[in-house]
Each structure stands twice: as C-alpha cells, then as structure tokens.
Amino acid sequence: GKRKRLSTSVMYDSDESEDSDILVRKVSAKRRCIIDDDESSEKQQPDKTRPTENVSTNRKQKVLAKLKELAKQSAARRSCSSANYEDSNSEAETEEEPLCQLPLTPSEGSETDSSSMKDFIVDNDDDDDDDDDNTEHVKSENQPHQKQPNPSNSELLAQYIPQLSHCDHYVHFKRIVKAFLINAIDDTFLSSLYDGTRQKKYARDMLLSLHYLDDRFIQPRLENLICRSRWKDRYKERVDCYPDVRISLKNTENISCQACEMKRCCKFNVLLSGRLYNSKTLEVDDFMSDDKQVLKVGVVCANRTRVYHNLKHFKYKLYVGCSSVAELDGVEDEPVKDTVERLFSHLEESGWIQKRYNDLEDYMEDADNFQEEK
C-alpha cells in the first residue's frame with residue numbers, strides 16, 4: 001500500500017528576495033495546517049509571515065474557546081442545575097470575553113440553588129468523567145465544591161425520625177432489664193421474641209435493644225480481645241461455656257500456659273464452672289451441671305480471661321439477677337404487666353439498674369484498654 005496523498009493545493013508566496021520561499025498547504029478547517037520552513041525563514045520580514053501568524057492565532061482562539069467551555073461546564077456542575085449547564089454550553093460558543101472573568105466563586109455558583117435539596121446531592125460521576133485535557137486552573141475550581149460537608153446520618157435521623165436520636169444506650173439497657181423481668185415470670189418470652197411470634201411495638205423495641213447489646217456492645221470487644229491474643233481455640237471454648245470463673249494466685253511454675261500454650265511463668269489458676277446456657281433465650285442446660293475446669297495460666301492470660309469472661313457472660317448474669325428479684329417478690333394473682341412494672345420501678349428507684357449499667361461500662365472500658373499481648 002502506497003500512502004494516500006492529501007488532496008491539497010500548494011501556493012508559493014515569494015517576493016524579490018530569492019532567499020525566501022514559504023510553502024503553505026491549504027487544508028480544510030478540520031485538518032491541521034502544515035508549514036514547511038527552511039533555515040532562511042528567520043531572515044523574512046514581518047509582512048511575509050502573515051499566513052503563519054493567522055494559523056497560530058486561530059489555534060490560540062480554539063484553545064481559548066475550549067478553556068471557556070470547560071470553565072462554564074465546571075461552574076454549571078457546582079450549581080447542580082441542568083438548565084444552567086445547557087445555557088453555559090451555548091454561551092461558550094457565542095460569547096467572547098476574557099477567561100479571567102469566567103470562574104465563579106463557590107458562593108456565587110451555588111447562590112441561586114441554596115434553597116434547593118440538590119445542595120445535599122454530590123454527583124461523583126461528573127467529576128470522574130472530566131476530559132483528560134482539562135487544565136489545572138479549571139480543576140482547582142471544583143475543590144471547594146467537593147469539600148462541602150454533607151449532613152451526617154445522625155443529623156438526618158434526628159431531623160426525620162426524632163425518636164431514634166433520643167434512644168441512648170441507657171434506654172436500650174432499661175428495655176433489656178424489663179424483658180428479663182418478663183422472661184423471669186414467663187420463661188417463653190425471650191424465645192418468642194427471637195422467633196418473631198411477638199410483633200407488637202414494645203416487643204420489637206426489646207428485640208432491637210437485645211441485638212444492640214450483643215452486636216454493638218459485647219461482640220466487637222470480644223472479637224478484639226481474641227484477635228490480639230495467642231489463645232488456643234480450645235481454651236476460648238471453655239471460657240465461653242462456663243458462666244462462672246474464679247482466678248486465684250498460686251505458686252509460680254515455669255511451664256506451658258494452658259491458654260496460649262507458650263512457655264510462661266504461670267502462677268494463676270483459672271477455675272471455670274456453672275451450667276451451659278443458650279446465648280439468646282438464656283435457657284440453661286443441666287447436662288454435666290457440676291462439671292469444673294482448672295487451668296494454669298500466665299499473668300497476661302489470667303487478666304485477659306477476667307476481662308473476656310466479665311463481658312462474655314454479662315447478659316446472663318444480668319438475667320440471673322432479674323430472676324432473683326422476681327422470685328423474691330412473693331406477690332401472687334397479679335397480671336404479669338403490673339408485676340413487671342412494679343418490680344422495674346423498684347429496681348430503678350433503688351439504683352440497681354444504674355449500678356448494673358455502670359458495671360457494663362466498666363467491663364467495656366477494660367476490654368477497650370486491654371494491652372496487646374507481646
């Protein structure tokens with residue numbers, strides 16, 4: 001294949017000087033202008049370079065028009081108005097004004113739409129699809145718009161669902177206490193919450209608070225304690241199964257720790273006991289109820305066991321406390337609702353609920369501040 005020759009006409013422009021010839025190719029508006037200059041072109045007079053100057057001026061005008069268009073598009077995106085965006089495209093083709101007058105400040109760009117909900121919408125797709133030949137000056141104009149803060153989730157919840165914003169941790173905790181009091185009287189209540197049998201609002205709120213306690217308070221901290229330790233799975237399973245623990249100081253022995261199986265100076269005995277229970281319904285299992293485990297551990301594993309066990313079995317211990325209060329009540333022939341309200345009021349007035357909540361906060365703080373094992 002031979003290269004196809006462009007259909008162009010060639011014009012020679014010369015004067016009396018035999019040392020200067022300029023070859024100019026005329027091309028269509030969409031093609032580049034190619035200018036062949038020899039070394040002697042430097043000696044030309046200014047009036048002989050007009051075609052070259054015209055071409056250079058045309059290119060500068062095209063670049064200027066492109067910059068105007070990009071600047072207009074950037075200003076239109078800041079205002080988040082599709083109408084303004086279309087107008088700016090048409091104006092960029094017809095208006096001829098200095099580039100320095102085009103950029104708008106962030107306040108000017110969003111002034112007309114300040115009362116619109118579009119101010120809360122950030123369109124990332126427009127920023128991702130910018131042309132590669134966008135200049136640094138135009139890109140810098142987008143930065144103030146991109147850094148404008150959006151309303152947080154909590155602020156939106158407080159605005160549109162006010163009741164959620166006022167439900168703090170202690171409110172969740174009091175709901176759990178009330179649910180445990182009900183289950184102490186009717187031992188099927190918790191199971192009916194988890195299986196979806198009860199669908200009234202109070203029941204859904206209690207189930208929400210139970211999940212909140214497990215998923216937000218307890219479980220993340222337990223996982224953090226485990227992932228930062230060298231505990232073996234067998235030791236963790238034992239601590240999970242026994243709700244009672246007693247850690248006592250014994251004679252120091254340079255042996256393998258039964259928690260991490262590392263060579264340590266072990267001087268603590270961990271005594272695990274109690275009945276196995278369901279972590280949701282808190283129903284106990286009487287199988288091997290008298291079983292006990294005694295394990296020799298080092299000082300770090302002993303402290304981690306105390307912190308982990310307190311948090312792991314806090315919910316069960318809270319339920320046991322509520323059950324004891326219900327058993328000691330002794331009032332018969334009273335509706336369950338009235339009994340629960342009376343017992344709950346007594347526990348709240350006596351400070352019992354607040355004390356248990358303070359214990360939970362202490363356990364969570366111990367878990368958050370526990371040092372990483374070295």
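For clarity, every value in this text was computed on a predicted model and none was experimentally measured.

The rules behind each value
- Residues numbered from 1 in each chain as written.
- Predicted model: local features only at pLDDT ≥ 70, side-chain atom pairs only at ≥ 80, totals over all residues.
- Heavy atoms only, no water.
- Pairing = 2+ DSSP bridges.
- Helix = DSSP H or I, 4+ residues; strand = E, 2+ residues; numbered from the N terminus.
- Axes fitted to C-alpha atoms, helices over the stretch in contact; angles between N-to-C directions.
- Contact = heavy atoms within 4.5 Å.
- Polar contact = N/O pair within 3.5 Å; in protein donor to acceptor, adjacent residues only side chain to side chain.
- Buried < 20%, exposed > 50% of the residue type's maximum accessible area, 1.4 Å probe, protein only.
- Salt bridge = Lys/Arg side-chain N within 4 Å of Asp/Glu carboxyl O.

S.K.: What exactly am I supposed to notice about the sheet that holds strand β5 (residues 263–273) here?
M.R.: The pairing of strands in a sheet comes from backbone hydrogen bonds and takes either a parallel or an antiparallel form. Reading across from one edge, β4-β5-β8 is the order of the three strands in this open sheet, with antiparallel pairing throughout. Edge positions in the sheet fall to β4 (244–256) and β8 (293–297), since each of these pairs with one other strand and no more. Ignoring which end each strand starts from, the neighbouring axes of this sheet average 25 degrees apart. Bridge count for β4 against β5 is ten bridges, and the pairing is antiparallel. Looking across to β5, one finds that Ile247 is bridged to Val270. Together, β4, β5 and β8 form the strand contacts of helix α12 (residues 299–312), whose direction differs from that of β4 by roughly 165 degrees.

S.K.: Can you help me understand the environment of Lys236 in this one?
M.R.: Summarising the element assignment, Lys236 is placed in helix α11 (residues 233–241). As for Lys236 and Ala259, which are separated by 23 residues in sequence, their C-alpha atoms are 7.9 Å apart. The residues touching Lys236, leaving out its near neighbours within four places in the chain, are Ile226, Trp231 and Tyr308. At a separation of 2.8 Å, a polar atom in the side chain of Lys236 contacts the side chain of Asp240.

S.K.: Would you take a moment to explain the side chain of Ser229 for this structure?
M.R.: Within the secondary structure, Ser229 sits in the loop between α10 (201–227) and α11. A residue is classified by how much of its surface remains accessible, and Ser229, at 15% relative accessible area, is buried. Reaching out from Ser229, the side chain makes a polar contact with the backbone oxygen of Ile226 at a distance of 2.9 Å. Of note is the side chain of Ser229, whose polar atom sits 3.3 Å from the backbone nitrogen of Trp231.

S.K.: Could you clarify how one ought to interpret the pattern of salt bridges in this entry?
M.R.: Any two side chains of opposite charge can pair, given that their charged atoms come close. Enumeration according to the criterion identifies 14 salt bridges in this entry. The salt bridge partner of Asp368 is Arg221, with a shortest N-O separation of 3.1 Å. Placement of Asp368 in helix α15 (residues 352–369) and of Arg221 in helix α10 is noted, with a sequence separation of 147 residues between them. The exposure class of Asp368 is partly exposed, given its relative accessible area of 42%. Put simply, Arg342 and Glu334 hold a salt bridge, and the shortest N to O gap is 2.8 Å. Owing to a relative accessible area of 27%, Glu334 belongs among the partly exposed residues under this scheme. Through salt bridges with shared partners, a single network forms among Asp329, Glu334 and Arg342.

Geometric descriptors of this kind do not, in isolation, establish any biological role.
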